[in-house]
Amino acid sequence: MRVVVIGAGILGSSVAYHLAMRGIQVEIVDEGHQGKATLAGAGIVCPWATKATDPEWYALYAAGARYYGDLVEGLTRRGEVEIGYGRVGALVVSEDRKELEAAEQRIHARIATAPEAGDVRRVSAADAKRLFPPLRDDLDGVYIPGGARVNGSLLASAMARAAVAMGATLRRDHVSLEVQEGRVRCLDSDGSIIEADEIVVTAGAWASQILRPLGLEHPVRPQKGQIVHLRLPGVETRSWPVLLPMTSHYMLAFDDSRVVIGATREDNSGFDYRVTAGGQAEVLNAGLAIAPGLASGTIIETRIGFRPAGDSIKPILGRAEGIEGLIIGNALGASGLSIGPYAGRLLSQICAGESPEIDISPYTPASA
Ligand code: FAD
């Protein structure tokens, strides 16, 4: 059996990795678009604190976080050392006692079935500041030891590399799709057919462009995110927890004295790959209002990513009905670095002709 995976973000890389582990022949093709979401994603993996309530989406979000343990173990066993995953904990903060109490209750209700979240506990403002030193003095918190952060770029590369080590091939190219006698075919940029029994489209915010010629209305659009990276020279940041204020902005730290503040959520942005004054100001103002100690940080870069945003918060995963040989995975939105590795495993099971280990009918793509 031979499979072509279109798009090597977190999702496509995971599909390829899981297929290669089954001994299936895989070719991964990626065009390397500017604004690939996986390269810009902040990398927070902490589903238990979310305010969003869609149960089907949450089931995948929680399963995605849980799956990280097995994923990291498997990649490490295969010799991958740069995976970019750290279980540094997460700190939910608020100045509003009632809001924090509500968050604490919500988290406790959810972790009843998620021991991997660890021993969740309330922390004083002083303790919160000890955990995340640039924080304001007056913010009590709820600490979630199982919260984690991941460098999406490193993880996707590790999965793709592991797939290649098991026999997959990876090439940079733009591909397109067509239907012949009810079956999908993949063409490279020269117009040559890439032979495949199954084609998996994991092309993120660009997927509708290659699916439209097949008569498929694929409801996924780019949602632009601008995310600012700071360096705090000489400061050891690697063990700082992910910081989750009760807004859409957040902070997290990485190993190289780097603190990331995210992010704008710009609908109707199209593929506008520019750092804007308004975007940068929004993110910095939100970050410094919570963590004024970051004011002396050096701005080292602002990344742009296009989140694949669907009509609802739910991902799209499964076989495209009405077209033979076509599997679609997309619409991971703002939680794709958490959901992507597990969703890739589910897609690999479909590709291999098995029933996926969970019911994926709520995520079925539209038919042709
Ligand atoms: P992508 O990573 O965008 O990959 C799609 C790939 O397909 C691209 O490389 C593209 O070049 C390729 N492609 C497209 N068309 C073609 C074609 N015709 N031929 C060949 N290749 C093609 N998620 C979290 O869980 N936690 C977070 O904290 C978080 N923070 C985020 C912050 C920001 C600012 C952004 C932008 C996203 C964030 N996300 C987060 C979401 C997450 O990054 C995305 O949901 C996820 O990366 C989507 O992965 P993907 O593989 O579907 O798409």
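Residues numbered from 1 in each chain as written. Predicted model: local features only at pLDDT ≥ 70, side-chain atom pairs only at ≥ 80, totals over all residues. Heavy atoms only, no water.

1. Looking at the overall build of the protein chain
- Counting secondary structure elements, the protein chain contains nine helices and 20 strands.
- Here the C-alpha radius of gyration of the protein chain, 20 Å, is about what a compact globule of 368 residues would show, namely 21 Å.
- Principal-axis analysis of the C-alpha atoms gives the protein chain an extent of 65 × 45 × 40 Å.
- By residue count, 57% of the 368 residues in the protein chain fall in the buried class.
- Within the protein chain, contacts between residues separated by at least 24 positions form 73% of all contacts whose residues are at least 6 apart in sequence. (Helix = DSSP H or I, 4+ residues; strand = E, 2+ residues; numbered from the N terminus. Rg over C-alpha atoms; globule rule 2.2 N^0.38 Å. Buried < 20%, exposed > 50% of the residue type's maximum accessible area, 1.4 Å probe, protein only. Contact = heavy atoms within 4.5 Å.)

2. Quick notes on the nonpolar core
- Core analysis: the biggest nonpolar cluster contains 74 residues, and W48, V92, I107, I144, L155 and L244 have the highest contact counts within it.
- Among the elements that take part in this core, helix 3 (residues 55–77) stands out by supplying 12 residues, more than any other.
- Both of domain 1 (2–39 + 153–219 + 312–363) and domain 2 (87–147 + 221–309) provide at least three residues apiece to this core.
- Dropping the residues within four chain positions of it, W48 is found in contact with Y58, A65, I107, R110, I111, A114, E116, A117, I144, G146 and G147. (Core = buried A, V, L, I, M, F, W, Y, C linked by side-chain atoms within 4.5 Å. Domains from an automatic or database assignment.)

3. Here's the deal with the UniProt feature "domain: FAD dependent oxidoreductase" (unreviewed entry) in the protein chain
- UniProt's entry tags residues 2–349 with the feature "domain: FAD dependent oxidoreductase" (unreviewed entry), counted in the numbering of this structure.
- Helix makes up 31% of residues 2–349 and strand 28%, with an end-to-end C-alpha separation of 14 Å. (UniProt positions renumbered as here; feature names shortened; annotations may be inferred.)

4. Some remarks on helix 3
- Along its 23 residues, helix 3 runs 34 Å from first to last C-alpha, staying within 8% of the 33 Å computed at 1.5 Å per residue.
- The sharpest bend along helix 3 measures roughly 35° and falls at Y68.
- Where helix 3 terminates, the next one or two residues include G79, which has phi positive at roughly 95°. (Expected span 1.5 Å × (residues − 1). Bend = angle between axes of the 7 residues up to and from the residue.)

5. Notes on the pairing of strand 1 (residues 2–6)
- In terms of residue burial, strand 1 counts as a mostly covered element, since five of its five residues are buried.
- Side-chain alternation along strand 1 places R2, V4 and I6 on one buried face and V3 and V5 on a second face that is also buried.
- In this sheet, strand 2 (residues 25–30) lies alongside strand 1 in parallel orientation, the contact comprising five bridges. Among the inter-strand pairings, V3 is bridged to a residue of strand 2, identified as V26. (Pairing = 2+ DSSP bridges.)

6. Re the domain arrangement of the protein chain
- As far as domains go, the protein chain holds domain 1 (2–39 + 153–219 + 312–363) and domain 2 (87–147 + 221–309).
- Domain 1 and domain 2 are separated by 30 Å when their C-alpha centres are compared.
- Residue-level contacts link 14 residues of domain 1 with 12 residues of domain 2.
- Together, the buried faces of domain 1 and domain 2 total about 1000 Å²; carbon and sulfur atoms form 62% of this surface.
- At the boundary of domain 1 with domain 2, the tally comes to zero salt bridges.
- Tallied by class, the residues present in the side of domain 1 that touches domain 2 amount to eight nonpolar, six polar and no charged. (Buried area = accessible area lost by both parts, 1.4 Å probe. Salt bridge = Lys/Arg side-chain N within 4 Å of Asp/Glu carboxyl O. Nonpolar A, V, L, I, M, F, W, Y, C, P; charged D, E, K, R; others polar.)

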